[in-house]
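Analysis of the macromolecular model
In case you want the letters, here they are:
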Amino acid sequence: MKLPDPGNGCEAPERDDIPRPQHDTAAAAILSSKTKFHFPTNAEEAPRFHQELVEMMAPLVSMLKADKNLTIEERTIPGPRGEIPLVVLQSSSPTPQDQTRPGILFLHGGAMIAGDGFSTITQLTGMAHDINAVIISVDYRRAPEYQDVALVEDCYAALVWVGERLDKLGIDKERLMIAGCSAGGGLAAGTALKARDEGGPKLCAQLLSSPMLDDRTNTNSALQFMHPEDESGLYNTTWNRTAWKLVLGDRAGGDDVSYYVAPARATDLSGLPEAYIDVGSAEPFRDEATAYALNLWKSGSQANLHVWAGGWHGFDFTPGLDFAETAVRTRNDWIRKMLVPK
């Protein structure tokens, strides 16, 4: 069956007209009990969504702060539009202590409208213990208060700040990675592109987990997972279009959009660090993530692509789910390969 190809904001076809992959059968009970977000429909409702995400992450943040094996510093750095808060997380007793360590600049999820420096950081905190990584998480400016490339410029400013202080941070200049999930995955891709274009700090790798890459929201997977009422509170294209509208305003889906904020717009992906891209088969970002990997290969860059059957957006944060644990283990194995010297 030929799928319709509407543009951003068009009327979506009925759900029954589009076949789609189902969520993993083992996940039914988890999905039915999943926390339901009040995703905003306009700019005035965005602060509530931000607060819900921060509150949901609060127990995990408390556990992190109570971990005596971690050192956590909250600080600010100068940015193009004012101070940028950072969270610097590392092992409190790295071994050996006289050697430089890998560094990871992390960009959190939250649809570019929610979250802070602690949000979704648990995706990588194990690396501080496992490989003595120094993790720097960026509390970048969010839409709708700030829009468009303002978000990426904060992320890039943080990368430049890290690059200028590698010695002070104890980071090996050959082992600096950028990473992000969801919105942060898209911003990580955009920041890597900006670093390439502007001759910024050298990155050895980019980790793009379920990345939010394309404001046009018209791929087959975007159409398959359009409606919130069908997704048990899972991220969907209706929400995604709202998020892009808050980020880009009326230009969302149009021609005048920077590839720094929507990296799927980039036509030249050459000269980029090796990428790891993972995504679920049952979520709206599946096809844009897959296309980005294909375009990296087309441009001569290297990419590792994993599409996890039955995975919804954020499935890898679900404890006790076998295929989620496999996804996390596979991703962490790649991180070790890129950051641990042979």
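This report concerns the structure included in the present document.

The rules behind each value
Residues numbered from 1 in each chain as written. Predicted model: local features only at pLDDT ≥ 70, side-chain atom pairs only at ≥ 80, totals over all residues. Heavy atoms only, no water. Buried < 20%, exposed > 50% of the residue type's maximum accessible area, 1.4 Å probe, protein only. Helix = DSSP H or I, 4+ residues; strand = E, 2+ residues; numbered from the N terminus. Pairing = 2+ DSSP bridges. Contact = heavy atoms within 4.5 Å. Salt bridge = Lys/Arg side-chain N within 4 Å of Asp/Glu carboxyl O. Axes fitted to C-alpha atoms, helices over the stretch in contact; angles between N-to-C directions. Left-handed = near helix turned anticlockwise from the far one by under 90°. Nonpolar A, V, L, I, M, F, W, Y, C, P; charged D, E, K, R; others polar. Expected span 1.5 Å × (residues − 1). Core = buried A, V, L, I, M, F, W, Y, C linked by side-chain atoms within 4.5 Å. Polar contact = N/O pair within 3.5 Å; in protein donor to acceptor, adjacent residues only side chain to side chain. Disulfide = S-S within 2.5 Å.

1. Quick word on the pairing of strand 3 (residues 101-107)
The buried fraction of strand 3 is high, at seven of seven residues. Across six bridges, the pairing between strand 3 and strand 5 (residues 171-181) is parallel. Paired with Arg101 across the two strands is Ile171, which belongs to strand 5. In the sheet, strand 3 pairs with strand 4 (residues 134-138) via five bridges, with the strands oriented parallel. Paired with Ile104 across the strands is Ile135, a residue of strand 4.

2. Topic: the environment of Ile121
Looking at where Ile121 falls in the secondary structure, it is placed in the loop between strand 3 and helix 3 (126-130). Linking Ile121 and Met57, residues 64 residues apart in sequence, is a C-alpha distance of 9.5 Å. Not counting chain neighbours up to four residues away, the residues in contact with Ile121 comprise Leu64, Leu89, Phe106, Ile135 and Ser137.

3. A short note on the pairing of strand 2 (residues 84-91)
Along strand 2, seven of the eight residues are buried, which leaves the element largely enclosed by surrounding structure. Counting the residues in the hairpin turn of strand 1 (residues 70-77) and strand 2 gives six residues, including Gly82, whose phi is positive at 120°. Pairing between strand 2 and strand 4: four bridges, direction antiparallel. Note that in strand 4 the partner of Val88 across the bridge is Ile136.

4. Some words on the pattern of salt bridges
Tallied over the entire structure, the rule returns 19 salt bridges. Ionic pairing is found between Asp139 and Arg142, a salt bridge with its closest N-O pair at 3.7 Å. Put simply, Asp287 and Arg286 hold a salt bridge, and the shortest N to O gap is 2.7 Å. Beyond isolated ion pairs, a larger network of salt bridges with shared partners links Asp130, Asp333 and Arg336.

5. Quick word on the packing of helix 4 (residues 149-164) against helix 6 (residues 183-198)
Helix 6 packs onto helix 4 with a crossing angle of 65° between their chain directions and a minimal axis gap of 9 Å. As for the relative orientation of helix 4 and helix 6, their crossing is right-handed in sense. Facing helix 4, whose interface residues are Leu151, Val152, Glu153, Cys155, Tyr156 and Leu159, helix 6 presents Leu187, Gly190, Thr191, Lys194, Ala195 and Glu198. The class makeup of the residues in the contact of helix 4 with helix 6 is seven nonpolar, two polar and three charged.

6. Brief notes about the sheet that holds strand 1
Taken in spatial order, the eight strands line up as 1-2-4-3-5-6-7-8 in an open sheet, and their pairing is mixed. Both outer strands of the open sheet, strand 1 and strand 8 (303-308), are each paired with one neighbouring strand and no more. Across the sheet, the mean angle separating the axes of adjacent strands is 15° when strand polarity is ignored. Along the sheet, helix 4 contacts strand 1, strand 2, strand 3, strand 4 and strand 5; its crossing angle with strand 3, the most-contacted strand, is approximately 165°.

7. A word on helix 9 (residues 286-298)
Between its first and last C-alpha atoms helix 9 spans 18 Å; for 13 residues at 1.5 Å apiece the expected length is 18 Å, and the two agree. Among the residues of helix 9, those classed as buried are Arg286, Glu288, Ala289, Tyr292, Ala293 and Leu296. Residues of helix 9 that are buried in the fold lie against helix 6, strand 6 (205-209), helix 7 (220-224), strand 7 (274-280) and strand 8. At the exit of helix 9 stands Gly300, carrying a positive phi of roughly 90°.

8. Considering the nonpolar core
General note: in soluble globular proteins, nonpolar side chains tend to be found buried as a group. Counting residues in each nonpolar core, the largest one holds 74 residues, and the members touching the most others are Met112, Val162, Trp244, Val261 and Tyr292. At ten residues, helix 4 tops the list of elements feeding residues into this core. Apart from residues no more than four positions distant in its own chain, Val162 is found in contact with Leu105, Ile136, Leu169, Ile171 and Leu176. Ala128, Ala205, Ile335 and Leu339 belong to the second-largest nonpolar core, a separate cluster that totals 23 residues.

9. Comments concerning the environment of Arg265
Structurally, the position occupied by Arg265 is in the loop between helix 8 (237-248) and strand 7. For Arg265 and Leu213, which are 52 residues apart along the polypeptide, the C-alpha to C-alpha distance reads 8.3 Å. Setting aside anything within four residues of it in sequence, one finds Arg265 in contact with Asp215, Arg216, Gly253, Gly254, Asp255, Val257 and Tyr259. Looking at Arg265, its side chain comes within polar contact range of the main-chain oxygen of Gly254, at 2.6 Å.

10. A look at the state of the cysteines
Considering all chains together, one arrives at zero disulfides under this definition. Free cysteine Cys181: the closest other cysteine sulfur is in Cys155, separated by 12 Å. By relative accessible area, which is 4% here, Cys181 ends up buried.

11. Some words on unusual backbone geometry
Of note, the bond from Ala143 into Pro144 is cis; its omega dihedral lies within 30 degrees of zero at 0°. The phi dihedral of Met112 is positive, around 65°, even though this residue is not glycine. Along the chain, the position of Met112 falls in the loop between strand 3 and helix 3. Given the relative accessible area of 1%, Met112 is considered buried. Notably, Asp148 is not glycine yet its phi reads approximately 60°, a positive angle. Positionally, Asp148 belongs in the loop between strand 4 and helix 4.

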